[in-house]
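Descriptive structure summary
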Amino acid sequence: MTQRAPRNKTLQLSAEQEQQLSTRVVRLTEQVEDVTQVLDRTIEGDCTRVLSFLPDGIADLVVADPPYNMDKRFKQMRFRSMSDEAYEEYLDSWMQQLCAKLKPNGSIYVCCDWRSSSAVARVMSRYFTILNRITWQREKGRGAKANWKNSMEDIWFGVRNPEEYYFDLDSVKMKRRVLAPYRTDDAPRDWQQTAEGKFRMTCPSNFWDDITVPYWSMPENTEHPTQKPEKLVAKLILASSAEGGVVLDPFLGSGTTSVVARKLGRHYIGIEIDPHYCCIAEHRLAQAADNITIQGYSDGVFWERNTLLAQRQSKKRVRNLKKAK
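Here is a short report on the structure shown in this document. What you are looking at is a predicted structure, and each value in this text was computed from that prediction instead of being measured.

1. Examining the overall build of the chain
From N to C terminus, the chain includes 8 helices and 17 strands. Out of the 325 residues belonging to the chain, those deemed buried represent 48%. The contacts of the chain with a sequence gap of at least 6 include a subset with a gap of at least 24, amounting to 69%. Split by element, the accessible area of the chain, about 17100 Å² in all, is 47% carbon and sulfur.

The following block contains the structure:
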């Protein structure tokens, strides 16, 4: 393994670890008759083939993060950009199957960037009712000399039946610091005084500016080039699946969806074509058995970016001052 700085927490596997972890990965060759064969498992393979082996109506929620329409190297696989028409055909090859795998009241979220967003929406609308488009802010990334810096990504939200689907608003409210604490009859209006300051619980919008992209000093970080933050996936899972429900991810990557589902008391089915990332996912799942923390989510509450960290640092400074006295 590559020698890293002491504070670098990016996950690495030795050859011995990878060999051991690969024994936990499922490889399907025929139709699944017993759901326990795939429930809470990582499945290695191309999702277009693997999905055909899964029973219909198996999932309450699908979280899909397919390759965007650009050249990108994913360890052993390289995805190449294609025409808009060809990319839509690629999306359709697995999107139609996902519709059948969802329960009648199930929901789906599909991640994309600005280039692929319109194609994703067009294909999704063939099989699902689109209810919203979430845009989330990536707070890091390179600048551009002759264009605007790309710092946003989209997530399309769709359902099979717009008249009956699960959505838990209260579970995804955000705790925001109050900058203008209004009062009514000398009582706080829509905010609470806490030991850490003045806060209010706010309903979530379809613009998320509180997400921190995993980086080298975060325990959840891996070498996967398009890894999604656990906090981002936690919002999707909490909002659109009940505890004990089944979350399906056809492009599991480094395992974030399965890991977060496990931490939040849901079942998971993860499909990943790259054997190395399957092992990364299994390692992270083993870690999640002992550590259910999610950065930016604490005590059932989502916090603004860096807010919770700032509180902890403040408390640490107070403790140090007391010790100094």
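That was the structure; now back to the text.
2. Looking at the packing of aromatic side chains
Inspection of the entire model under this criterion finds 10 aromatic pairs. Seen in terms of ring centroids, Phe-157 and Tyr-165 are 6.3 Å apart; in terms of plane orientation they differ by 75°. Their pairing is edge-to-face. Classification of Tyr-165 as partly exposed rests on a relative accessible area of 34%. By the ring-pair criterion, three or more aromatic residues cluster together here, those being Phe-79, Tyr-87, Tyr-90, Trp-94 and Phe-251. Its end group placed over the ring of Trp-208, Lys-235 keeps NZ or CZ at 4.7 Å from the ring centre.

3. Some points on the pattern of salt bridges
Within this structure, the stated rule accounts for 16 salt bridges. We note a salt bridge from Arg-27 to Glu-44, for which the minimum N-O separation is 3.1 Å. Separated by 17 residues along the polypeptide, Arg-27 in the loop between helix H1 (15-22) and strand S1 (41-44) and Glu-44 in strand S1 bring together distant segments of the chain. The partner of Asp-60 in a salt bridge is Lys-103, with the nearest N and O atoms 3.1 Å apart. Note that Asp-60 is positioned in strand S2 (residues 59-64) and Lys-103 in strand S5 (residues 102-112), a separation of 43 residues in sequence.

4. Some details on a nonpolar patch on the surface
A cluster of nonpolar residues, Leu-131, Tyr-165, Phe-167 and Leu-169, forms a patch on the protein surface that exposes about 310 Å² of accessible area. With respect to the element layout, Leu-131 can be found in strand S6 (residues 129-137). On the accessibility criterion, Leu-131 (31% relative accessible area) is partly exposed.

5. What about the sheet that holds strand S12 (residues 197-202)?
Taken together, 5 strands build an open sheet; the order of strands is S11-S12-S8-S17-S16 and the sheet is mixed. With one partner strand each, in any of the chains shown, strand S11 (192-194) and strand S16 (297-298) form the two edges of the open sheet. Where strand S8 (residues 174-177) and strand S17 (residues 301-303) come together, 2 bridges link them in parallel fashion. Residue Lys-175 lies in a different strand from S17, and its bridge partner there is Trp-303.

6. Things to note about the sheet that holds strand S14 (residues 246-249)
With mixed pairing, 8 strands are arranged side by side in an open sheet as S1-S15-S14-S2-S5-S7-S6-S13. Of all strands in the sheet, those with a lone pairing partner are S1 and strand S13 (207-208), marking the two edges. Bridge count between S2 and S14: 2 bridges; the pairing is parallel. By the bridge assignment for S14, Leu-61 is matched with Val-247. Here helix H7 (residues 275-288) sits on the sheet and contacts S1 and strand S15 (267-272); the angle it forms with S1, its principal contact strand, is near 175°.

7. A look at the environment of Gly-296
Of note, Gly-296 is situated in the loop between H7 and S16. A relative accessible area of 10% means that Gly-296 is categorised as buried. Sequence-wise, Gly-296 and Asn-306 are 10 residues apart; in three dimensions their C-alpha atoms are separated by 7.6 Å. In this view, Gly-296 contacts Lys-231, Val-301, Phe-302 and Trp-303; residues no more than four positions away in its chain are not counted.

8. Details of the packing of helix H6 (residues 256-263) against H7
Close contact between H6 and H7 brings their axes to 9 Å; oriented N to C, the two are set at 15°. The angle between H6 and H7 places the two elements in the roughly parallel class. H6 and H7 meet at a crossing whose hand is right-handed. For the pair formed by H6 and H7, the contact residues are Thr-256, Ser-258, Val-259, Arg-262 and Lys-263 on the first element and Arg-284, Leu-285 and Ala-288 on the second.

9. Some thoughts on helix H5 (residues 230-240)
An α-helix turns once every 3.6 residues. As a result, residues three or four positions apart point the same way. The buried fraction of H5 is high, at 11 of 11 residues. Every buried residue belonging to H5 is among Glu-230, Lys-231, Leu-232, Val-233, Ala-234, Lys-235, Leu-236, Ile-237, Leu-238, Ala-239 and Ser-240, and all of these are buried.

10. Digging into the nonpolar core
A general trend in soluble globular proteins is that nonpolar side chains are found buried together. Leu-28, Ile-43, Leu-54, Trp-94, Ile-108 and Leu-248 are the most contacted members of the largest nonpolar core, which totals 40 residues. Not counting residues up to four positions away in its chain, the partners in contact with Leu-248 are Leu-51, Leu-54, Ala-59, Leu-61, Val-62, Val-63, Leu-98, Lys-101, Ile-269 and Ile-271. Counting 32 residues, the second-largest nonpolar core is a separate cluster that includes Tyr-68, Trp-136, Leu-238 and Leu-285.

11. Focus on the packing of H1 against H7
One can describe the packing of H1 onto H7 by two numbers: an axis separation of 9 Å at closest approach and a directional angle of 85°. When the axis of H1 is compared with that of H7, the two are roughly perpendicular. Taken together, the residues of H7 that come into contact with H1 (itself represented by Gln-17, Glu-18, Leu-21 and Ser-22) are His-276, Cys-279, Glu-282 and His-283. Classifying every residue of the contact of H1 with H7 gives 2 nonpolar, 4 polar and 2 charged.

Parameters at a glance
- Residues numbered from 1 in each chain as written.
- Predicted model: local features only at pLDDT ≥ 70, side-chain atom pairs only at ≥ 80, totals over all residues.
- Heavy atoms only, no water.
- Helix = DSSP H or I, 4+ residues; strand = E, 2+ residues; numbered from the N terminus.
- Buried < 20%, exposed > 50% of the residue type's maximum accessible area, 1.4 Å probe, protein only.
- Contact = heavy atoms within 4.5 Å.
- Areas by Shrake-Rupley, 256 points an atom, 1.4 Å probe, with all protein chains shown as cover.
- Phe/Tyr/Trp six-rings, centres within 6.5 Å; stacked < 30°, edge-to-face > 60°.
- Lys NZ or Arg CZ within 6 Å of the ring centre and 35° of its normal.
- Salt bridge = Lys/Arg side-chain N within 4 Å of Asp/Glu carboxyl O.
- Patch = residues over 30% accessible without salt bridge, like charges linked within 9 Å, V, L, I, M, F, W, Y side chains within 5 Å.
- Pairing = 2+ DSSP bridges.
- Axes fitted to C-alpha atoms, helices over the stretch in contact; angles between N-to-C directions.
- Parallel < 35°, antiparallel > 145°, perpendicular 65-115°, else oblique.
- Left-handed = near helix turned anticlockwise from the far one by under 90°.
- Core = buried A, V, L, I, M, F, W, Y, C linked by side-chain atoms within 4.5 Å.
- Nonpolar A, V, L, I, M, F, W, Y, C, P; charged D, E, K, R; others polar.

Function cannot be inferred from these measures alone, as they are strictly geometric.
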